[in-house]
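Architecture and fold: a report
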Amino acid sequence: MTTSIPKPKVRHPALPVNALGLTRRDYEGAVSTLCAGCGHDSITAALILAFWELDIPPHRVAKLSGIGCSSKTPTYFLREAHGFNAVHGRMPSIATGVRAANRDLILIGVSGDGDSLSIGLGQFCHAIRRNLRVLYVLENNGVYGLTKGQFSASADVGSRAKRGEANRMAPIDPVLLALSLGATFVARSFSGDKAQLVPILKAALSHRGFAFVDVISPCVTFNDHEGSTKSYRYTRERAREVVYADFVPPRVEITVDYGAGDAVDVRMHDGSIVRLRKTGLDYDPTDRDAAYAYVRERQRAGEVPTGLLYLSEAEPELHELEATVDAPLATLPFETLCPGSAALDALMEEYR
Amino acid sequence: MGTSRGVNDFALKIATVNGTGSASANGLLLQAIFRMGLPVSGKNVFPSNIQGMPTWYEIRVSAAGHTARAPRFDLLVALNDATYARDIAELEPGGWVVYDSTWPPPAAVLRPDVEFLGIPLARLCAGAFEGGRERLLMRNIAYVGALAALLGIPLELLDTLLREQYGRKQALMESNFRAVRLGHDYALEHFACPLPLRLEAMEAPDDRILIDGNTAAALGCLYAGATVGAWYPITPATSMMDAFRRFCERYRRDPATGKNRYLVVQAEDELAAAGVVVGAGWAGARAFTPTSGPGISLMSEFIGLAYYAEIPGVFFDIQRTGPSTGMPTRTQQGDLLATAYASHGDTKHVVLYPGDPGECFEMAVRAFDLAERFQTPVFVLSDLDIGMNDWVCRRFRWDDAYRPDRGKVLDAEALERMEAFHRYLDVDGDGICARTLPGVHPKGAYFTRGSGHDRFGRYTEDAAEYVEVVDRIARKIDGAARAVPGPVVEARGGELGIVALGGCDVAVHEALDRLADRGIPADYMRIRGFPFAPEVEEFLLGHAVSFVVEQNRDAQLRSLLTLETRAPKERLRSVRSYGGLPLSAETVVNAVLRSVEVHA
């Protein structure tokens with residue numbers, strides 16, 4: 001297993017290149033087949049930008065997803081990365097296996113509210129418990145698109161389906177869930193807010209653990225009407241940014257300046273820095289309980305708090321918990337795995 | 001038809017209450033008989049419970065090597081009042097009952113045709129040990145001591161075994177020594193020791209070991225180079241992952257850093273365990289999961305994905321009695337069909353059928369090679385009897401020249417040289433396409449999906465493109481028939497054939513001998529892999545009648561043979577045992593005799 005330098009490509013000379021000499025085009029994938037105006041396509045565009053700006057070689061990434069509209073999106077970015085469109089709701093276990101086998105890969109998991117909060121709720125929770133190192137994007141539209149408009153588990157009480165019936169069951173809020181389960185990186189954004197989303201995705205990609213990004217992503221076909229709480233209009237009116245994240249890659253001088261007391265720097269494991277600028281008063285993005293209380297309080301006020309809501313770099317991720325060797329398990333030479341005949345002969349003595 | 005009771009040829013049963021520590025006493029007894037060089041088996045018939053339910057341990061000694069479970073017993077150690085009547089009813093006439101005479105046995109269960117040997121085990125232990133727990137535990141060791149006197153097991157041998165086991169726990173060892181002597185001396189003083197059924201040391205081949213199938217399979221995973229294990233605890237598969245971890249702690253720690261060259265994920269359920277295996281296999285690790293029938297049901301969706309997306313993974317199914325929760329602590333071969341065709345849609349899988357712990361070891365290694373060569377899930381179908389009971393088998397050997405068969409995996413250099421890589425293009429014409437691992441080279445990227453795809457790996461809903469891929473996969477799996485272990489055929493020149501697989505082997509061998517004694521020679525074929533090797537069909541077509549022996553109600557092996565070979569259904573007669581206890585030779589012999597009479 002080796003990395004390699006991508007072959008030179010013909011490109012428009014005006015297109016900017018990153019440190020690898022790659023343009024944004026090099027981070028794109030197939031043409032989207034989602035509905036025109038789908039929020040998911042905006043998230044794809046933000047992901048392309050985040051990977052490009054971080055100078056990540058596309059082929060070092062593994063793109064994983066389950067089933068649903070959101071899960072189709074990994075085909076739309078990073079064509080030079082392996083992709084895996086698994087079974088419905090089970091992407092977290094695939095991610096666990098991939099990560100177990102090769103800890104050098106950069107994992108992105110793309111999921112939806114049906115995939116993560118209904119059929120795959122258990123897997124979502126347990127990936128958090130393992131602090132699996134993955135950028136986990138939940139493209140949240142409150143509705144089942146591919147099967148034509150049923151409520152999902154994130155639909156708000158009172159939210160109306162396209163045909164008019166109201167949802168009466170309490171929603172599962174993935175941000176509150178993630179906070180309560182001990183997730184080490186919890187953010188929420190809006191597909192239409194690229195300025196906020198891109199730095200969050202970059203910070204998430206640098207997080208050494210489970211980086212959860214809930215992105216409210218309106219479904220233009222089934223859930224963008226009056227009465228929907230996941231519509232463009234509703235979200236634009238109610239989203240309140242509480243913590244703005246700036247991402248500073250390693251070895252880059254921090255030039256952004258904030259007033260004292262307004263910003264919190266969190267140094268990531270790779271040396272990069274996430275600078276969290278508090279827009280709300282008394283908000284501490286490193287205090288889990290406070291984050292939980294704040295999100296609840298703002299929800300009661302009818303707001304959707306956004307930004308990087310919680311971050312901790314202190315907890316060990318799966319490989320640290322299990323004390324595995326530094327090299328990817330999939331690359332270990334067989335001689336270092338098989339004890340050989342002499343060891344077996346000796347062991348057999350114990351079964352005499 | 002009982003056992004021919006006598007020297008080195010008898011069956012005994014120990015009836016106790018679970019949670020009282022009898023397991024270690026029974027293990028000690030089995031170990032002692034094994035060390036005397038005798039072919040022996042120990043079957044633990046235990047409840048799905050932690051404390052207070054009836055549990056039995058059955059030992060069969062046979063100089064002739066007939067160590068299948070015997071349905072009737074020559075000696076009973078009756079230490080559970082709740083099952084007294086039923087246990088004593090299973091004794092052969094002229095047999096013996098060892099009971100705790102601290103209390104008189106209920107008059108109703110006394111049988112005039114068996115001899116009762118009362119030993120006041122509880123009273124002896126109450127006098128010799130302090131505290132309820134130790135008295136209870138040592139009562140078990142005391143009956144081992146009594147059996148040593150009655151059966152002729154040398155005391156020194158027990159001492160040696162105890163020293164090996166408790167060498168570093170002096171006090172415990174002393175207690176055990178004392179308990180052994182309490183029972184031993186009492187028996188010696190009060191009864192004519194040894195009994196007519198007794199043990200005499202034999203010159204056994206010195207390559208014998210005593211081991212259970214789950215430990216053996218775990219060792220196979222270790223030797224095959226498996227690095228990722230995922231599982232959800234389930235009886236009777238749990239001890240396999242326990243053993244894998246134990247071996248890894250010993251052999252897979254980097255000596256310099258103390259870090260692990262393996263990772264075991266205890267998943268939230270079997271669905272996730274399967275997902276971890278598939279994910280790890282996709283990323284290039286040798287990955288496996290030990291489970292049982294209920295786990296296979298839950299894993300089926302992922303198994304279909306791995307089949308269709310062509311991802312290697314090894315699934316150990318330690319079968320237990322189904323359907324549903326069934327009887328979790330009883331054995332069965334009930335998952336033959338469920339594994340052969342697991343998951344929805346058109347699927348067919350490679351399945352290996354180990355017959356004993358030795359084959360659990362070998363086939364575990366083989367399973368990883370087959371999974372990677374054919375890029376598909378491979379099942380190793382063991383069962384509770386093989387997996388959890390100790391079996392006498394040949395020492396495992398390892399060939400240091402072995403290298404894993406990783407199949408067609410393109411590395412960076414190969415990809416660099418290629419014009420373009422297409423995941424599902426059958427370049428070699430064998431139905432097996434080259435695959436790439438993530439992270440290796442930009443040209444290797446492809447999209448893995450369980451949805452319809454064409455030979456280039458692209459999404460498709462086109463009939464012809466879909467059919468092309470699924471037809472190739474069918475060809476690929478058919479090709480595995482020549483790569484799985486072929487059947488073991490023993491020709492005895494009979495017109496009858498007997499066909500079996502897995503742990504039926506010992507009982508069938510005994511049955512073959514008994515049938516031959518009655519003038520009915522039969523040929524025997526033990527199937528070891530699926531899809532069936534060509535020899536399987538040859539055997540069936542070469543016999544006018546074949547008895548298909550299996551441990552399930554619905555004759556699943558017979559169904560598989562009917563579906564997958566040209567053998568006429570009417571030539572295949574079914575012999576089944578499915579009550580959850582290991583197969584007895586008696587079942588096979590009786591069924592064949594009945595059938596021969598009916599058709600005569």
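Keep in mind that this is a model prediction, so the values were computed, not measured. (Residues numbered from 1 in each chain as written. Chains lettered and ligands numbered in written order. Predicted model: local features only at pLDDT ≥ 70, side-chain atom pairs only at ≥ 80, totals over all residues.)

Overview of the sheet that holds strand β11 (residues 313–319) of chain B
All names here are of chain B. Our working definition: Whether two strands pair comes down to DSSP finding at least two bridges between them. Numbering of helices and strands runs from the N terminus, with a helix taken as a DSSP run of H or I at least four residues long and a strand as a DSSP run of E at least two residues long. Contact criterion: two residues are in contact if their C-beta atoms, reconstructed from the backbone, are within 7 Å. Note on geometry: axes are lines fitted to C-alpha atoms, helical ones only across the stretch in contact, with angles between N-to-C directions running from 0 to 180 degrees.
With mixed pairing, seven strands are arranged side by side in an open sheet as β9-β8-β10-β11-β13-β12-β19. If you trace the sheet from one side to the other, it starts and ends with β9 (263–266) and β19 (529–530), each paired once. Pairing between strand β10 (residues 287–291) and β11: four bridges, direction parallel. Across the sheet, the residue bridging to Thr289 is Phe315, located in β11. Against the sheet, helix α9 (residues 270–282) makes contact with β8 (228–231), β9, β10 and β11, and its axis sits at roughly 160° relative to β10, the strand it touches most.

Some points on the nonpolar core
What counts is decided by this rule: By our criterion, buried Ala, Val, Leu, Ile, Met, Phe, Trp, Tyr and Cys residues that link up through C-beta atoms within 7 Å make up a nonpolar core. Exposure classes come from backbone-placed C-beta atoms, where a residue is buried if 20 or more other C-beta atoms lie within 10 Å of its own, exposed if 12 or fewer do, and partly exposed in between.
Ranked by size, the top nonpolar core spans 281 residues in total, and within it Val98, Leu135, Leu201 and Val213 of chain A together with Ile33 and Val228 of chain B carry the most contacts. A per-element tally of this core places helix α4 (residues 132–151) of chain B first, with twelve residues. Listed in part, the six residues of the second largest apolar core include Phe151, Ala155, Cys219 and Phe222 of chain A.

Focus on α4 of chain B
Test applied: Expected helix span is taken as 1.5 Å per residue step, with the number of steps being one fewer than the number of residues.
Between its terminal C-alpha atoms α4 of chain B stretches 29 Å, which fits the 28 Å expected from 20 residues at 1.5 Å a residue. Within two residues after α4 of chain B, Gly152 of chain B carries a phi angle of roughly 85°, on the positive side.

A few points about the sheet that holds strand β21 (residues 572–576) of chain B
All names here are of chain B. Strand order across the open sheet formed by five strands is β16-β18-β17-β20-β21, with mixed pairing between neighbours. A single partner strand is all that each edge strand has here, and the edge strands are β16 (488–490) and β21. Ignoring which end each strand starts from, the neighbouring axes of this sheet average 20° apart. With five bridges joining them, strand β20 (residues 545–550) and β21 adopt parallel strand pairing. If you follow Ser546 over to β21, its bridge partner there is Leu572.

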